[in-house]
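# Chains, contacts and geometry: an overview
So you can see what is in the structure, the chains are spelled out below.
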Amino acid sequence: RSRAAAMAAATLKSCLVRRRDGREQHGVAASCLRELRDKASGILAIDKAREPITLVLAEDGTIVDDEDYFLCLPPNTKFVALAKNEKWSSKGLDSGTAWLSESVDEVDSAAEKWKQLARQLKDDLSNIILMSEEDLQVLIDVPRSDLAEELAQSQTKIQVLQDTLQQVLDRREEERQSRQLLELYLEALKNEDSILSKVAESETVRRKELDVVDTGTSSIGTSAKTALSDQILAALKEKPAPELCLDSQDLELVLKEETEALASALRWDKQKAEALQQACDQELSKRLQQVQTLHSLRSTSKGKKTLPWGDWPSSKRKK
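Residues numbered from 1 in each chain as written. Predicted model: local features only at pLDDT ≥ 70, side-chain atom pairs only at ≥ 80, totals over all residues. Heavy atoms only, no water.

Per an unreviewed UniProt entry, the recorded name for the chain is DNA fragmentation factor subunit alpha, and the organism is Chunga burmeisteri. Quoted verbatim from the Subunit (unreviewed entry) field of the UniProt record, the comment on the chain reads "Heterodimer of DFFA and DFFB." (UniProt positions renumbered as here; feature names shortened; annotations may be inferred.)

Okay, structure coming up:
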């Protein structure tokens, strides 16, 4: 019985939940999203008439309604429980930042960021896959001795870890360059086709004097609002392969946007916005699949619960 209890405990994920307008947070252990909803409703004393509740990430309001995505979240993820007809708000106490620290004096944000990222890796190394390029670079730039102290690991193992982070960063850069070359090639083909079609059209008009009906496409007049931050919009607009720059939560936000609203915010046509969302969807699916593969490998590897630090391939960092 004790072994069964230990196995059950190993599958539980520790989470923190609170109400939308409350400061008080509660620790909850759940093996699945449904169990977390049920426990949150009971602990937070949410009236049955106001169920079912919706769980969102306290950091940015991302709705968590997918079991696989829930399993990919790191331990001690903070959730806000929204009753029926309630909406998440980033203002005041509802913001993730306000909840993270209420009475603590402000510290150096850069130092705090790398420590937070390091704690994510300490909980689960597969979180590397879900990090943005900016987060990867932050951890690469941390002095080896500081990162070794924070993670309670030897500097040799930290060197292996930082080499691995650099490999992931380099791989994304290679993907971006390849995609940029492909886009340039497709753009050249498109321009060539456009010139040929105009020549063919002019010859047809000369051969047959037909009335030309202008069927101009109607543009979308609604300037739909978007929930994306200025930082995300800037990355989408300026980066050649923005889906590689964003972390997984930002990719999730882009996918939740209406295509017309996204096109309006970026001042793009609908086709280009659709292509962007498809690229974001593919990148997010790839990352989640990699995480699930790592989890599966861990669960079948002779009872090991976490990836051994020494298993990461060591290689010289690219300059």
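## Details of the nonpolar core
If you look at the biggest cluster of nonpolar residues, it comprises 42 residues, and the most contacted ones within it are Leu36, Val64, Phe79, Leu228, Leu236, Val254 and Leu262. The residue makeup of this core includes at least three contributed by each of domain 1 (13-82) and domain 2 (111-198 + 230-283). With residues up to four places along the chain from it excluded, the contact list for leucine 36 reads Cys15, Val17, Val28, Ala30, Leu55, Phe70 and Phe79. Residues Met131, Leu136, Leu161 and Val168 belong to the second largest nonpolar core, which totals 19 residues. (Core = buried A, V, L, I, M, F, W, Y, C linked by side-chain atoms within 4.5 Å. Buried < 20%, exposed > 50% of the residue type's maximum accessible area, 1.4 Å probe, protein only. Domains from an automatic or database assignment. Contact = heavy atoms within 4.5 Å.)

## Brief notes about the side chain of serine 126
With respect to the helices and strands, the residue serine 126 is situated in the loop between α5 (109-123) and α6 (133-141). With relative accessibility at 2%, the residue serine 126 sits in the buried group. A polar side-chain atom of serine 126 sits 2.8 Å from a polar atom in the side chain of aspartate 124. What serine 126 contacts, discounting residues up to four positions off in sequence, is Val291, Leu294, His295 and Arg298. (Helix = DSSP H or I, 4+ residues; strand = E, 2+ residues; numbered from the N terminus. Polar contact = N/O pair within 3.5 Å; in protein donor to acceptor, adjacent residues only side chain to side chain.)

## Let's talk about the confidence of the model for the chain
Model confidence for the chain is summarised by a mean pLDDT of 78, while 76% of its residues fall at 70 or above. A low-confidence stretch, residues 92-107 (pLDDT under 50), is modelled with 27 contacts involving residues beyond four sequence positions or located in other chains. Between residues 210-223, whose pLDDT stays under 50, and residues either more than four places distant or in other chains, the model counts three contacts. (pLDDT = per-residue confidence, 0-100.)

## Topic: the pattern of salt bridges
Oppositely charged side chains are able to pair whenever their charged atoms sit close together. A complete count under the given rule lists 16 salt bridges for this structure. The partner of glutamate 112 in a salt bridge is arginine 119, with the nearest N and O atoms 3.7 Å apart. Of the residues examined, arginine 119 reaches a relative accessible area of 38% and is grouped as partly exposed. Linking glutamate 243 and arginine 179 is a salt bridge whose minimum nitrogen-to-oxygen distance equals 1.8 Å. Separated by 64 residues along the polypeptide, glutamate 243 in helix α10 (residues 242-245) and arginine 179 in helix α8 (residues 155-207) bring together distant segments of the chain. (Salt bridge = Lys/Arg side-chain N within 4 Å of Asp/Glu carboxyl O.)

## Quick look at the sheet that holds strand β4 (residues 77-82)
Ordered by their spatial adjacency, four strands build an open sheet running β2-β1-β4-β3, and the pairing between neighbours is mixed. At either end of the open sheet lies a strand with only one pairing partner, and these are β2 (26-30) and β3 (54-57). Across the sheet, the axes of successive neighbouring strands diverge by a mean angle of 40 degrees, strand direction being ignored. Examined bridge by bridge, β3 and β4 share four bridges and lie antiparallel to one another. Pairing of leucine 57 across the sheet is with phenylalanine 79, part of β4. Docked against the sheet, helix α2 (residues 33-43) engages β1 (13-19), β2, β3 and β4, running at close to 150 degrees with respect to β2. (Pairing = 2+ DSSP bridges. Axes fitted to C-alpha atoms, helices over the stretch in contact; angles between N-to-C directions.)

## Some points on the packing of aromatic side chains
Tallying each qualifying case throughout the model produces one aromatic pair. Relative to phenylalanine 79, the ring of phenylalanine 70 lies with its centre 6.4 Å away and its plane at 45 degrees, an arrangement referred to as tilted. The residues phenylalanine 70 and phenylalanine 79 share a single accessibility class, namely buried. One cation-aromatic arrangement involves lysine 13 over phenylalanine 70; the distance from NZ or CZ to the ring centre is 5.7 Å. In this structure, lysine 272 packs its charged tip against the face of tryptophan 268, placed 4.4 Å from the ring centre. (Phe/Tyr/Trp six-rings, centres within 6.5 Å; stacked < 30°, edge-to-face > 60°. Lys NZ or Arg CZ within 6 Å of the ring centre and 35° of its normal.)

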